[in-house]
Amino acid sequence: MLRAGLGGESLKWIKIIAAVLMLSLVLSGCSFRLASSVDELISPVSPQGDDADVQNALSSYVSGGYNLKTPSGGDFTTAFSFFDIDGDSADEAIVFYEPEKTPGKISMAVIDKSAQNWSVIYNLSSDYSDVYSLSFSDMTGDGVYEFVVLWDVISNSTNHVLIVYSQNTNKGYSLEPIGSELTVNNCIAVDMDRDSVNEMLAFTIETGDGISASATLYEYNDGSRETLGRTRLDGHISYYDEIQYNVDDDRVYIYADAVKSDGTQMITEVIYWSDYYDTIISPFYSYSSGVTSATARNAMLNCTDVDDDGIIEIPTDAQKDSLPSDVYAVIWNKYNDSVLVEDCCSLVVVKDEYQLIIPDEYFDRIKVLYSPENSLLTVTDENDETLFSVMCVLKAHYDASSSEYSGFSKVSESSGYTYLVRAGNSDNADFSVDAVKSMLRTYKGE
């Protein structure tokens, strides 16, 4: 029975709220916690601990309201970025925010903790509308970190404005830009010429009538920036997705994975410093055709150290007949003196974000079946006898006691997925559950 004072209109709203909650529970398909009140449904989660203290310090500093801004790329992708910028073994906080008094222009606050109190020690106002990434690197060789910030003029842009800021502690604390700003698509701070000081390798996609891209190596000194080298790259791309590096035989190799303009292929540019030419070079780029073809592939995979030997491998397409449309055959190659040397082969299931490193003696002989409805991959021998099966299940849906997963063993979890393996009917030890587990590599898809 309803309590006194709860009228028909209120009852109607209660029924509506209950219906919405029930519908959310049904559609979620995973765990769902009912809020204890309607207010909890619409209230944001309050920051806790140092996050709350940092936000209180920012609120005390900013005159008027503000909105927190979160970098969309890089290693720091939370509202409050903590890093020991001054080497005192205690983290400082860096916060990006948009003051309500200057909409469309964001600021960066450096917040330090003295005793138990956080306070803003420096605030940098910008003319940019968003921030793409924040990182820290000693770019001048003095043992002090510089701030490396990629700003955005337009949110979600593929091109960013790179500014390197030095920390100035001569009179109080401030951040000073080194050199002028640069428009880049992506960049990496790395010691390319092995002089124990980081340089900046910046990747640019040119716009206008021509189609071209380039990588330029910069050296930063006190208050200035110098160009050390430049190389042209394939310009038929949309953006550089990931940039990594390896040190091999005392040489630094850069691996820049780029998404082609049509969005259905990727390439990798390999770049290194050449003492002979006294600049950086890109051995796979063809100056005659203007493209990089040797590392092109249909599988949307980035380079990785797939065999855990400390050397990055480059994926390329493998020729294999009768593969399901959701499965790719990939050759993983090592770069060796301007050529690609085949290292191993894999089957890649892009939809389920994993791959299987298949032993070379079996790769050309196996057959592959795949059911996208239940994310079930089955590998058979040339006589159609099942060697093993792999199933990918949402972690929230997996129940080990369910008959649906009978005979399967859980071997891995990643990015909200649970990966299950079932051995086939053969006695081939090369495809036991443990063997297949060692073949399986998960990765975060595009």
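Reading guide: rules and limits
Residues numbered from 1 in each chain as written. Predicted model: local features only at pLDDT ≥ 70, side-chain atom pairs only at ≥ 80, totals over all residues. Heavy atoms only, no water. Helix = DSSP H or I, 4+ residues; strand = E, 2+ residues; numbered from the N terminus. Buried < 20%, exposed > 50% of the residue type's maximum accessible area, 1.4 Å probe, protein only. Contact = heavy atoms within 4.5 Å. Areas by Shrake-Rupley, 256 points an atom, 1.4 Å probe, with all protein chains shown as cover. Patch = residues over 30% accessible without salt bridge, like charges linked within 9 Å, V, L, I, M, F, W, Y side chains within 5 Å. Salt bridge = Lys/Arg side-chain N within 4 Å of Asp/Glu carboxyl O. Lys, Arg positive; Asp, Glu negative; His and termini not counted. Charge placed at Lys NZ, Arg CZ, Asp CG, Glu CD. Pairing = 2+ DSSP bridges. Phe/Tyr/Trp six-rings, centres within 6.5 Å; stacked < 30°, edge-to-face > 60°. Lys NZ or Arg CZ within 6 Å of the ring centre and 35° of its normal. Axes fitted to C-alpha atoms, helices over the stretch in contact; angles between N-to-C directions. Core = buried A, V, L, I, M, F, W, Y, C linked by side-chain atoms within 4.5 Å. Expected span 1.5 Å × (residues − 1).

Novice: Mind showing me how you'd approach the overall build of the protein here?
Specialist: Each helix and strand in the protein was counted, giving five helices and 28 strands. Counting over 446 residues, the protein shows a buried share of 45%. In the protein, 44% of the contacts between residues at least 6 apart in sequence involve partners at least 24 apart. With an accessible surface of roughly 22900 Å², the protein has 47% of that area assigned to carbon and sulfur atoms.

Novice: Would you mind going over a negative patch on the surface with me for this structure?
Specialist: Residues E342, D360, E361, D364 and D430 make up a contiguous surface patch of negative charge. Take E342: it is sitting in strand β21 (residues 339-349). A relative accessible area of 47% places E342 in the partly exposed class.

Novice: Help me understand the side chain of K260, please; the structure alone is not making it clear to me.
Specialist: Among the secondary structure elements, K260 is positioned in strand β16 (residues 251-260). Apart from the residues lying within four places of it in its own chain, the contact partners of K260 are D234, H236, I237, S238, Q265, M266 and I267.

Novice: What is the right way to read the pairing of β16 from this model?
Specialist: Here is the key point about a regular strand: its side chains alternate between the two faces of the sheet. With nine of ten residues buried, β16 lies mostly within the body of the structure. Direction of pairing for strand β15 (residues 237-248) relative to β16: antiparallel, over a ladder of ten bridges. In the strand pairing of β16, D248 is matched with R251. What sits between the antiparallel neighbours β15 and β16 is a turn of two residues, in which D249 has the positive phi angle 55°. Where β16 meets strand β17 (residues 266-274), seven bridges bridge the pair, whose relative direction is antiparallel. Paired with V259 across the two strands is M266, which belongs to β17.

Novice: What am I meant to see in the packing of aromatic side chains here?
Specialist: Centre distance and the angle of the planes are the two values used to describe a pair of aromatic rings. A complete count under the given rule lists 22 aromatic pairs for this structure. With 5.0 Å between their ring centres and 80° between their planes, F136 and F147 make a pair best called edge-to-face. Highlighted residues: F136 in strand β6 (residues 130-137) and F147 in strand β7 (residues 146-152), separated in sequence by eleven residues. Considered together, F136 and F147 belong to a single accessibility category, that of buried residues. In this arrangement the basic side chain of R225 is found over the ring face of Y218, its NZ or CZ atom lying 5.3 Å from the centre.

Novice: What should I look at first to understand the sheet that holds strand β12 (residues 199-205) in this one?
Specialist: Where strands meet in a sheet, backbone hydrogen bonds hold them as pairs that are either parallel or antiparallel. On the basis of which strands lie adjacent, the open sheet formed by four strands has the order β11-β12-β13-β14 and antiparallel pairing. Edge positions in the sheet fall to β11 (186-190) and β14 (224-233), since each has one partner strand and no second. Averaged over all pairs of adjacent strands, the angle between their axes in this sheet comes to 20°, without regard to strand direction. Across five bridges, the pairing between β11 and β12 is antiparallel. Across the sheet, the residue bridging to I188 is L201, located in β12.

Novice: Please explain unusual backbone geometry as it appears in this structure.
Specialist: The bulk of non-glycine residues show a negative phi, and the bulk of peptide bonds are trans. The phi angle at S196 is positive, at roughly 70°, despite the residue not being glycine. Along the chain, S196 falls in the loop between β11 and β12. Despite not being glycine, S415 has its phi angle at roughly 50°, a positive value. Within the secondary structure layout, S415 lies in the loop between β26 (409-414) and β27 (417-423).

Novice: Would you mind showing me how to read the sheet that holds β16 here?
Specialist: Strand order in the open sheet formed by four strands is β15-β16-β17-β18, with antiparallel pairing between adjacent strands. Of all strands in the sheet, those bounded by a partner on one side alone are β15 and β18 (279-281). Direction aside, the axes of adjacent strands within the sheet are offset by 25° on average.

Novice: Sorry if this is basic, but what is going on with the nonpolar core here?
Specialist: If you look at soluble globular proteins, the nonpolar side chains tend to sit buried side by side. With 29 residues, the main nonpolar core has L347, Y354, L356, I358, L377, F388 and V390 as its most contacted residues. Residue contacts for I358: discarding those within four places in its chain leaves C345, S346, L347, F363, I366, F388 and M439.

Novice: Quick question: what am I supposed to make of the environment of L182 here?
Specialist: Along the chain, the position of L182 falls in strand β10 (residues 182-184). In this structure L182 comes out as buried when scored by relative accessible area, which is 12%. Put simply, L182 and L162 are 20 residues apart on the chain and 5.0 Å apart in space, counted from C-alpha to C-alpha. Discounting chain neighbours no more than four positions away, the residues touching L182 are H160, V161, L162, Y218, Y220 and R225.

Novice: What am I meant to see in the pattern of salt bridges here?
Specialist: Pairing between side chains of opposite charge can happen when the charged atoms of each approach one another. Evaluated as defined, the whole model comprises 14 salt bridges. Note that D250 is salt-bridged to R194, the shortest N-O span being 3.2 Å. Pair noted here: D250 is in the loop between β15 and β16 and R194 is in the loop between β11 and β12, with a separation of 56 residues, a long-range link. The exposure class of R194 is partly exposed, given its relative accessible area of 41%. Linking K395 and E413 is a salt bridge whose minimum nitrogen-to-oxygen distance equals 3.7 Å. Linking K395 in the loop between β25 (386-394) and β26 with E413 in strand β26, this pair joins segments that are 18 residues apart in sequence. Judged by its relative accessible area of 38%, K395 falls in the partly exposed class.

Novice: Hey, could you run me through helix α3 (residues 49-61) in this one?
Specialist: For an α-helix, 3.6 residues make a turn, and residues three or four places apart therefore share a direction. The terminal C-alpha atoms of α3, which comprises 13 residues, lie 19 Å apart, in line with the 18 Å expected from a rise of 1.5 Å per residue. Within the sequence span of α3, burial applies to A52, V54, A57 and L58. The inward-facing, buried residues of α3 contact β1 (66-69), β2 (80-83), β3 (92-99), β4 (107-114) and β5 (117-125).

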